[in-house]
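Given next are the chains, with one letter for each unit.
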Amino acid sequence: MKHLISSLLLLSGLTSFAQDTKTINQSGNPIFEGWYADPDAAIFNNKYWVYPTYSAKYKEQVFLDAFSSDDLVKWKKHPHILDTAAVKWANKAMWAPAIVQKDKKYYLFFGANDIQSDNEIGGIGVAVADKPEGPYKDHLGKPLVDKFHNGAQPIDQFVFKDKDGQYYLIYGGWKHCNIAKLNKDFSGFLPFEDGTTFKEITPDNYVEGPYMFIRNGKYYFMWSEGGWTGPDYSVAYAVGDSPFGPFKRVGKILKQDAAIATGAGHHSVIINEKKGQYYIVYHRRPLTETDGNHRVTCIDEMKFDAAGNILPVKITNEGVKAQKVK
């Protein structure tokens with residue numbers, strides 16, 4: 001009997017060890033605690049970084065947090081890297097940060113105030129810091145984009161660096177998406193050859209949340225479709241030969257799984273070029289939640305077929321395996 005008990009205890013211990021090891025070596029979803037949405041992800045100084053929206057009522061969205069990790073599994077919170085105290089013109093709805101490193105500085109683009117017309121103060125702003133974790137200060141003292149151009153609400157900004165080193169702002173809500181050429185210090189824009197500043201590149205079914213990357217010489221343009229509080233929220237993509245398209249919609253690659261979570265969308269992508277790995281970082285709503293603001297940040301692997309098409313992403317509770325940048 002004693003031998004049986006000892007054997008059972010040993011087996012139990014091994015099982016527990018296996019479960020703990022699995023937990024340690026996989027990110028799990030969500031990847032960190034709290035209500036967070038619209039994540040923008042990056043790699044800086046051999047660390048993974050995620051910059052999300054604090055998901056709450058608009059009047060409570062007055063700050064931005066960041067998270068860093070060495071391995072995609074253990075995440076460190078960097079609270080209040082930017083708040084409305086540092087941005088005098090912003091008072092609510094700080095949304096969808098987009099991060100970029102340039103000339104040893106870190107620039108954090110963000111939306112604020114959820115303006116509904118050109119007569120309101122708000123739009124897309126820029127903050128700057130010497131470190132990825134901030135603290136960030138207002139770069140301009142005013143919004144970078146404070147008006148509606150081509151019908152696009154000035155929100156959901158993404159900064160794209162092209163192969164020639166040129167940076168572009170790609171943004172837009174209300175089912176319209178614009179691209180504009182940023183100047184060297186991100187204080188404004190450079191006109192295109194035809195004299196315009198904002199070019200519309202809206203694909204079919206576009207709603208918000210644009211994202212772009214280059215793979216094998218092709219430009220992959222991604223966006224969110226559906227309503228952000230609804231079950232139809234999802235991510236689709238198109239492929240083009242330049243950042244201006246034209247972009248013909250290919251199809252959806254991220255959507256809810258009724259057995260796991262609802263409303264999966266508004267994403268970014270972590271690209272580890274040396275290892276050829278792609279991770280999609282996105283938000284979704286747990287099955288237990290009905291509040292639209294109760295969104296969590298998750299990560300899953302993103303893969304391609306032999307023709308370069310993005311394969312549909314399977315959203316999981318397990319997340320991804322531990323992975324160092326190098």
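In this text the structure is predicted, and so the values were computed from the model without any measurement.

Definitions and limits used
- Each chain carries its own residue numbering, running from 1 in the written order of its sequence.
- Given that this is a predicted model, residues contribute local features only at a pLDDT of at least 70 and side-chain atom pairs are listed and counted only at 80 or more, while totals for whole chains, interfaces and linings are drawn from all residues.
- Side-chain metrics rest on all non-hydrogen atoms present in the structure, leaving aside hydrogens and water.
- Strand pairing is assigned whenever DSSP detects at least two bridges linking the two strands.
- Only DSSP runs of H or I with at least four residues qualify as helices, and only runs of E with at least two residues qualify as strands; both kinds are numbered from the N terminus onward.
- Axes here mean lines fitted to C-alpha atoms, for a helix over just the part in contact, with angles spanning 0 to 180 degrees between N-to-C directions.
- Known as pLDDT, the predictor's per-residue confidence is scaled from 0 to 100.
- Throughout, a contact is declared for two residues whenever any of their heavy atoms are within 4.5 Å.
- The buried label applies to any residue whose accessible area, calculated with a 1.4 Å probe on protein chains only, is under 20% of its type's maximum; exposed applies above 50%, and partly exposed to all values in between.

## With respect to the sheet that holds strand β20 (residues 296-301)
At step 1: Read across the sheet, 3 strands follow the order β18-β19-β20 without closing on themselves; strand pairing throughout is antiparallel. Only two strands of the sheet have a single partner each, and these edge strands are β18 (261-272) and β20. Neighbour to neighbour, the strand axes of the sheet diverge by 30° on average, direction disregarded.
At step 2: Relative to strand β19 (residues 277-286), β18 is paired through 8 bridges, and the arrangement is antiparallel. Its bridge partner lying in β19, Ser 268 is registered against Val 281.

## A closer look at the sheet that holds strand β4 (residues 75-83)
At step 1: An order of β1-β2-β3-β4 is seen for the 4 strands of this open sheet, with the pairing classed as antiparallel. On the outer flanks of this sheet lie β1 (36-44) and β4, each paired with one strand and no other. Averaged over all neighbouring strand pairs, the angle between strand axes comes to 25°, with direction disregarded.
At step 2: In this sheet, strand β2 (residues 47-54) lies alongside β1 in antiparallel orientation, the contact comprising 7 bridges. Note that in β2 the partner of Ala 41 across the bridge is Val 50.

## Re the confidence of the model for the protein
Any region with low pLDDT has predicted coordinates that should not be read closely.
At step 1: For the protein, the mean per-residue pLDDT works out to 93, and 93% of the residues sit at or above 70.
At step 2: Mean pLDDT across the elements of the protein bottoms out in helix α1 (residues 2-25) (43) and peaks in strand β10 (residues 167-171) (99).
At step 3: Every residue in residues 1-22 is under pLDDT 50, and counting partners more than four places away or in other chains gives 0 contacts.

## Considerations on the pairing of strand β15 (residues 218-225)
At step 1: Counting buried positions over the 8 residues of β15 gives 7, a clear majority of the element.
At step 2: As judged from the 6 bridges shared by strand β14 (residues 208-215) and β15, these two strands associate in the antiparallel manner. When the sheet's bridge partners are listed, Tyr 211 is paired in β15 with Met 222.
At step 3: Hairpin connection of β14 to β15: 2 residues between the antiparallel strands, including Asn 216 at a positive phi of 50°.
At step 4: As paired elements, β15 and strand β16 (residues 234-240) share 7 bridges and run antiparallel to each other. Bridge pairing in β16 links Tyr 219 to Gly 240.

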